[in-house]
Each structure stands twice: as structure tokens, then as C-alpha cells.
Amino acid sequence: MRKKLIKVYSMIYLVGIFMSANAVKAQTDSLLLQLINSNKVDSSLIQPPAKMLFTQRILWGTNGILKNRYSGNDLVANRQKDLKIRRTMLKLHQIGGFVTLGGMLAQGIIGSQLYKGDYKVKDLHENVGMAVNFSYGFTAINALFSPPSAFQRDKKITSIRLHKWLAVLHLSGMIATNILATQIEHDVSLKPYHRAAAYVSFASLATALIVIKF
Amino acid sequence: MLHYFILNILLSVFFQAPTYDITTSSITYTMKHKLHTWDGTSKQVNVASKWNGDKLEQISVLAKVSSFNSGLSSRDSHMIEVLDALSIPNITFSSSSIHYNGASIIVSGKLQFHGVTKDIQFNVREKKENNQLLYEGEFPVLLESFNVERPSLLFVKTDNSMNIKFALVFKNK
């Protein structure tokens, strides 16, 4: 009787051990299988983020003009293309930013000559002003109309958020500088305000470039 | 009776059930650029482990590229682009051998990153605290050796070497 009990106990123990051993094997096999087969993309990455600028929404939103224009119903391929376009546009944005800053610096030097009474540089000042406006517009378009990023999960003040706040400042400065430039011919007393607006634009654009590194 | 007893002991030694479960885990990458250095951390790490008593016998780890958060969405989005995470969403590691050498452990295995699989080896430190086992370690990854185009900021590329740190905590069942 005792021998029988020992046999039964041993059999139960053996079955238990084998089951637990199989559980271990199943666990590792399951993960290995997952490693091989789990190539499912996070669905939130395929869809553009819920929050985006209205300029981006016009082109890349759910009902955007350029939404899913490349690869038919292949949402992954479409989003990959979106992100490539975004990268190209942001590179152009960076180039445009540096060109604009250089133009502003040149304009500052020319403008100061004009303020000192050297009216020979007036045409040059206007032409450089036009070029700066053009490069500034080009830079802005490449940021405002780029496809949205894969994430919008920042909750703290980040360098990009500062960059965007400064963009509001230099955009306002650019608009003010241009409006005041057209009014100076009628009212010379506006000159200091035109210069101040230009300085604010330059300083905020330069700061917007610097904050990106932090 | 004796041969059953011996058999039971032998089987207990060779087929031990998992004795530890993963509780918390994190993987952090550190990248360097001429202008700054930054970290990105994932706390959504899938781990499966096989144990022999207190000794880790095998481990497999999976982390999604999208789960890494560097505190800057645009940077994380850039990583999604350079790592082609829409078509290759996972980073995986599966150990092939684990050698204990006191509190230090030498782990060898296969790292699959950006769809490229390479054999790697690294040291792991083991700490035992309050029924928990903590494993920490780090190893470098050369981005270009995994066919990753280095991300750039202001036309300057990041360093080719990226450091990976990990911390895995297992709790006694």
C-alpha cells in the first residue's frame, strides 16, 4: 500500500515537473515566435497625430488634399512617404532659416548705412528686403505645410515648443517690419519702429535657431 | 523507492519551473551630437526568461522602436524615420549563452536591430535585493553596421556609436 502511494505520488510529481518544464519551453518559444513574427506596426504610427497645425491638416489630415495620394490603400507605405516628405521639407526649412538669418544680418548692415544717410544703398536695401521676405516665406512654408510628425506627446516645454513660440514672435516682427517699410515714405518718424521690428525679427529668428540644439 | 527518489531529484534539477518573474524593465539609448547628448527610454519591454534556480539560463527581450521616449516628439519621430520603424517595428535580443562569473555575467546572443541581426556579447551586473534580482548592463551599437543612416541636426550627423543601457528586475515567485 505504501509502495503504491509512493508510486502515485511520484507519477503526479513527474507529470507536474514535465508540465512546468513544458510551460517554460512554451514561454520562451512563444517569445521567440513573437520575435520572429511580431512585425505588426503600432497603429498609432500609421495615422497622423490628432493634434496638428491647421496648415498641416489641410494637406495631411484625415481628409487632407494630399492624404494617401501615393500608394493606394497601403497605409504603411503612405505614412512612410509622408515622413520622407516631412524630412525633406524640414531640411529645406533648416537651409532656409540659415539663408534668411544671413540675409537679415546683411540687411541690418545695409539698413544702418541708410540710417546714417547713405541713400545710395536704398535700392540695395529694398532688394535685399525682398530676398529676405522670399527666403523667410519659403522657410515658413516648409515648416507649416510639412506632414505631421509620428508623435505629439510632449507635455513639458521642449526646444521645439520654444522654437514655435519664437516663430510667432519673428513672424509678427516680419509683418510689422514690412508694413512699417511701406509707411516710412509717408511718415519718416516711423523709421525707429521699422528698425526695432527688424531687430526683434532677427533676434527671435537667431534664438529660434539656437534653441534647437538644446 | 530509492530509485524513484533519485529520479525525482534529478528531474527537479534539470526541469525547474521559472522561479522569477519580470517586474520592471527599461532600456535606454544614448546618442551624441556635436551640439548635445540625449537619452531615449523604453519602459515597455517584453521579456521571457528561463531559470535554473537563481540562475538565469535564457532570456529573450523585445522592445518596440515607438516605445522609446526621449522627451521630444519630433526627435522620436525622426528615430521612427531613420529606423524604418513602420516596416521594422521591433528591436529584439535573444541570448545564446549565459556564463556566471561571481556577480558578473557574460551574456552572448543575437541582437536584431533595424532588421539586421548580429552576434553581440556584453557584461551584466547582478544584484540581489529583497527577493528581487536586478540585472544591469550596457553595450555599444554602431548605427552604420546595422545599416542605419545616422540622423542629422543642422546638417551635422550624430555619432555612429550609440550606447544601450538596460535594467531588468525580476521578483521571486
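Computed from a predicted structure; not experimentally measured.

A word on the pairing of strand β11 (residues 161-172) of chain B
Residue and element names in this part refer to chain B.
Part 1 of the argument: Two strands pair when backbone bridges link them, and strand β1 (residues 20-32) and β11 are joined in this way by ten bridges, in the antiparallel orientation. Bridging from a neighbouring strand, Tyr29 pairs with Ile164 of β11.
Part 2 of the argument: Bridge count between strand β8 (residues 132-142) and β11: eleven bridges; the pairing is antiparallel. Each bridged residue has a counterpart across the sheet, and for Glu138 the counterpart in β11 is Lys165.

Structural notes on the confidence of the model for chain B
Residue and element names in this part refer to chain B.
Part 1 of the argument: Scored by pLDDT, chain B comes out at a mean of 86, with 89% of its residues at no less than 70.
Part 2 of the argument: Within the model, the stretch residues 7-18 combines pLDDT values under 50 with 20 contacts to residues more than four positions away or in other chains.
Part 3 of the argument: The ipTM value of the predicted complex is 0.74, and its pTM value is 0.78.

Quick notes on helix α7 (residues 191-211) of chain A
All names here are of chain A.
Part 1 of the argument: For α7, spanning 21 residues, the distance from its first C-alpha to its last is 30 Å, which sits close to the expected 30 Å at 1.5 Å a residue.
Part 2 of the argument: Burial in α7 covers these residues: His194, Ala197, Ala198, Ser201, Phe202, Ser204, Leu205 and Ala208.
Part 3 of the argument: Its buried side turned inward, α7 meets α4 (75-115) and α6 (159-184).

Here's the deal with unusual backbone geometry
Residues and elements named next belong to chain B.
Part 1 of the argument: Unusually for a residue other than glycine, Asp84 sits at a positive phi of about 50°.
Part 2 of the argument: Within the fold, Asp84 resides in the loop between α2 (73-82) and β5 (90-101).
Part 3 of the argument: Positive phi, normally seen in glycine, also occurs at Asn147, with a value near 55°.
Part 4 of the argument: Within the secondary structure, Asn147 is located in the loop between β8 and β9 (152-153).

Comments concerning the packing of α4 of chain A against helix α5 (residues 122-144) of chain A
Residue and element names in this part refer to chain A.
Part 1 of the argument: Running from N to C, α4 and α5 cross one another at 160°; their axes reach a closest spacing of 8 Å. Of the possible angle classes, the one that applies to α4 and α5 is roughly antiparallel. For the pair α4 and α5, the crossing hand works out as left-handed.
Part 2 of the argument: Class assignment of the residues belonging to the contact of α4 with α5 gives a composition of 14 nonpolar, twelve polar and one charged.

So, the nonpolar core
Part 1 of the argument: Val65, Ile80, Leu83 and Ala85 of chain B are the most contacted members of the largest nonpolar core, which totals 26 residues.
Part 2 of the argument: Secondary-structure elements contributing two or more residues to this core are β4 (55-64), α2, β5 and β11 of chain B.
Part 3 of the argument: Broken down by element, the residue count for this core peaks at five residues, all from β4 of chain B.
Part 4 of the argument: In contact with Ala85 of chain B, not counting residues within four places along its chain, are Leu45 of chain A together with Val65, Ser66 and Ile80 of chain B.
Part 5 of the argument: Membership of the second largest hydrophobic core comes to nine residues, among which are Val132, Tyr136, Ala197 and Ala208 of chain A.

Calculation notes
Throughout this description, residue numbers start from 1 for each chain and increase along the sequence as written. Chain A is the first chain written and ligand 1 is the first ligand written, with later ones labelled in order. pLDDT decides what is reported in this predicted model: residues at 70 or higher carry local features, side-chain atom pairs at 80 or more are listed and counted, and totals for whole chains, interfaces and linings draw on all residues regardless. Should DSSP find at least two bridges between two strands, the strands are taken to pair. What counts as a helix is a DSSP run of H or I of at least four residues, what counts as a strand is a run of E of at least two, and both are numbered from the N terminus. Residue-level confidence of the predictor is what pLDDT reports, using numbers from 0 through 100. Here the contact rule is simple: place C-beta atoms from the backbone, and any two residues whose C-beta atoms are within 7 Å are in contact. Expected helix span is taken as 1.5 Å per residue step, with the number of steps being one fewer than the number of residues. Each residue is classified by how many other C-beta atoms fall within 10 Å of its C-beta atom, where C-beta atoms are placed from the backbone; a count of 20 or more means buried, 12 or fewer means exposed, and values in between mean partly exposed. To obtain an axis, a line is fitted to C-alpha atoms, over the contacting stretch when the element is a helix, and the angle between two such axes runs from 0 to 180 degrees between their N-to-C directions. An angle below 35 degrees is read as roughly parallel, one above 145 as roughly antiparallel, one from 65 to 115 as roughly perpendicular, and any other as oblique. Helix crossings fall into two classes, left-handed where the near helix is turned counterclockwise from the far one by less than a right angle and right-handed where it is turned clockwise. As a working rule, the residues Ala, Val, Leu, Ile, Met, Phe, Trp, Tyr, Cys and Pro are called nonpolar, Asp, Glu, Lys and Arg charged, and the rest polar, with Gly in that last group. Note on definitions: a nonpolar core is a set of buried residues drawn from Ala, Val, Leu, Ile, Met, Phe, Trp, Tyr and Cys, linked by C-beta atoms within 7 Å.

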